[in-house]
Amino acid sequence: MTASFPETKTGLRFGLATLAATACLAAILAAGQPVRAQDNPVLAKVNGVEIRQSDVALAEEELGPSLAQMDPATKKDNVLAFLIDLKIVAKAAEDKKVENSEDFKRRLAFTRSRLLMDSLLATEGKAATTDEAMKKVYEEASKQITGEMEVHARHILVETEDEAKAIAEELKKGGDFAELAKKKSKDPGASDGGDLGFFTKEQMVPEFSAVAFTLEPGKISDPVKSQFGWHIIKVEEKRARKAPDFEQVRAQIETYVTRKAQAEYVAKLREAAKVERMDKPAEAAKTEAKPDAAKEPAKPADSKMAPAKK
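Everything numeric in this text was worked out from a predicted model, so none of it was measured.

Each value, and the rule that gives it
Residues numbered from 1 in each chain as written. Predicted model: local features only at pLDDT ≥ 70, side-chain atom pairs only at ≥ 80, totals over all residues. Heavy atoms only, no water. Phe/Tyr/Trp six-rings, centres within 6.5 Å; stacked < 30°, edge-to-face > 60°. Lys NZ or Arg CZ within 6 Å of the ring centre and 35° of its normal. Pairing = 2+ DSSP bridges. Helix = DSSP H or I, 4+ residues; strand = E, 2+ residues; numbered from the N terminus. Salt bridge = Lys/Arg side-chain N within 4 Å of Asp/Glu carboxyl O. Buried < 20%, exposed > 50% of the residue type's maximum accessible area, 1.4 Å probe, protein only. Contact = heavy atoms within 4.5 Å. pLDDT = per-residue confidence, 0-100. Expected span 1.5 Å × (residues − 1). Polar contact = N/O pair within 3.5 Å; in protein donor to acceptor, adjacent residues only side chain to side chain.

Trainee: What exactly am I supposed to notice about the packing of aromatic side chains here?
Mentor: Two aromatic rings, taken as a pair, are described by how far apart their centres are and by the angle between their planes. Summed over the entire model, instances satisfying the criterion amount to three aromatic pairs. By the ring-pair criterion, three or more aromatic residues cluster together here, those being Phe 199, Phe 208 and Phe 213. Lying across the ring of Phe 246, Lys 135 places its NZ or CZ 5.1 Å from the centre. Here Arg 239 stacks its cationic end above the ring of Phe 198, 3.5 Å away from the centre of that ring.

Trainee: Help me understand the pairing of strand β6 (residues 229–240) in this model?
Mentor: On a regular strand, one side chain projects to one face of the sheet and the next to the other, so that they alternate. Pairing analysis gives ten bridges linking strand β3 (residues 149–158) to β6, with the strands arranged antiparallel. Counterpart to Met 149 in the pairing with β6 is Ala 240. Two strands pair when backbone bridges link them, and strand β5 (residues 224–226) and β6 are joined in this way by three bridges, in the antiparallel orientation. Its bridge partner lying in β6, Lys 225 is registered against Trp 230. Hairpin remark: β5 followed by β6, antiparallel, with two residues in the connecting loop.

Trainee: How should the pattern of salt bridges be read in this particular structure?
Mentor: Between side chains of opposite charge, a pair can form when the charged atoms approach closely. Summed over the entire model, instances satisfying the criterion amount to 18 salt bridges. Arg 106 serves as the salt-bridge partner of Asp 103, at 3.9 Å between the closest nitrogen and oxygen. In this pair, Asp 103 and Arg 106 are both assigned in helix α4 (residues 102–128), three residues apart and thus about one turn of the helix distant. Here Asp 103 falls in the partly exposed class, since its relative accessible area comes to 38%. Here Arg 106 falls in the exposed class, since its relative accessible area comes to 54%. Lys 184 is the salt-bridge partner of Glu 170, the closest N and O atoms lying 3.7 Å from each other. Within this pair, whereas Glu 170 is found in helix α6 (residues 161–172), its partner Lys 184 is found in helix α7 (residues 177–184), the two being separated by 14 residues in sequence.

Trainee: Got a minute to help me understand the environment of Gly 229 in this structure?
Mentor: Position of Gly 229 relative to the elements: it lies in strand β6. Between the C-alpha atoms of Gly 229 and Ala 164, which are 65 residues apart in sequence, the distance is 9.5 Å. Setting aside its immediate chain neighbours within four residues, Gly 229 contacts Leu 157, Val 158 and Val 224.

Trainee: Help me understand the confidence of the model for the protein in this model?
Mentor: Reading fine detail from the predicted coordinates is not recommended where pLDDT is low. On average, residues of the protein carry a pLDDT of 83, and 78% of them reach 70 or more. Here residues 1–33 is modelled with pLDDT under 50, and outside its nearest four sequence neighbours on either side it reaches 98 contacts, counting other chains as well. In this model, residues 301–310 is a region of pLDDT below 50 whose contacts with residues beyond four sequence positions or in other chains number 38 contacts.

Trainee: Explain helix α3 (residues 72–95) here, please?
Mentor: One full turn of an α-helix is made of 3.6 residues, so residues set three or four places apart face in the same direction. Here α3 spans 35 Å end to end across 24 residues, near enough to the 34 Å set by a 1.5 Å rise per residue. Within α3, the full set of buried residues consists of Val 79, Leu 80 and Leu 83. Of the surrounding secondary structure, the elements contacted by the buried residues of α3 are β1 (42–46), β2 (49–52) and α2 (53–63). Between a side-chain oxygen at the N-terminus of α3 and the backbone nitrogen of Ala 73 the separation is 3.2 Å; the capping residue is Asp 71.

Trainee: Would you explain the pairing of β1 in this entry?
Mentor: Sheet topology note: the β1/β2 ladder contains four bridges and is antiparallel. Among the inter-strand pairings, Lys 45 is bridged to a residue of β2, identified as Glu 50. Here β1 folds back onto β2 in antiparallel fashion, the turn holding two residues, of which Asn 47 has a positive phi close to 50°.

What follows is the structure in structure tokens.
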């Protein structure tokens, strides 16, 4: 599971563990669903070959990010134009017998194997995401989260120690911390008065956390140096961390359970398979790192399941 804690714009907050497992192609799932004729109209014909709404939907899944900034009408028009060109050029390739080349055959075989793998892993992942399995993951992660301390703090970030000392003096004279953060801090989040929200000790660089977790609420630190510059820290509140409601993290849990099931399935198949590596000595081949498809995804507790910043 990934956390819903936002990253600070200065990079202060550590990156969370990623889930490493084979991605499932949504296009394969979409292609596997029955489509009624009345819901799948013909949108164009190229030399008599039909292009239907389902073809456009599949192409949109495949093209993905390149269409993100388009409005629906423009997107549909562009995808349809792409499919028309695809049909025209593919027919020209067939006429030139491109499919008979060894390079084409290798690429086709690879693509077929990849689609077969993605389709099967999608099925295995979907079967694993039962309510019971997801609730179990949630309960285990919740036990590890509950009770951990977290701090709500603000900070002012500047380049030099002299700047930090000057700000510290202004604060001692009664300056408003949030206003000074807006005016002086180089953190892009300064517009929020330097507010960092709630965070745990591991989510900040060590130098920052060491001070933030020792300050009492309402207190302001002396200048603190980190790799990002010099900080003045004000602690607003401390509390024992609570796990979010199940529904808040349901999608994250589902992703974790899916990828874990896929990784375990690949590992099981690998154990039963006879694999020979001709490029390495036998012993080295046995101990080599597993590919992404067989890696265990990060545990929910490792990825800091957490409610959104308040």
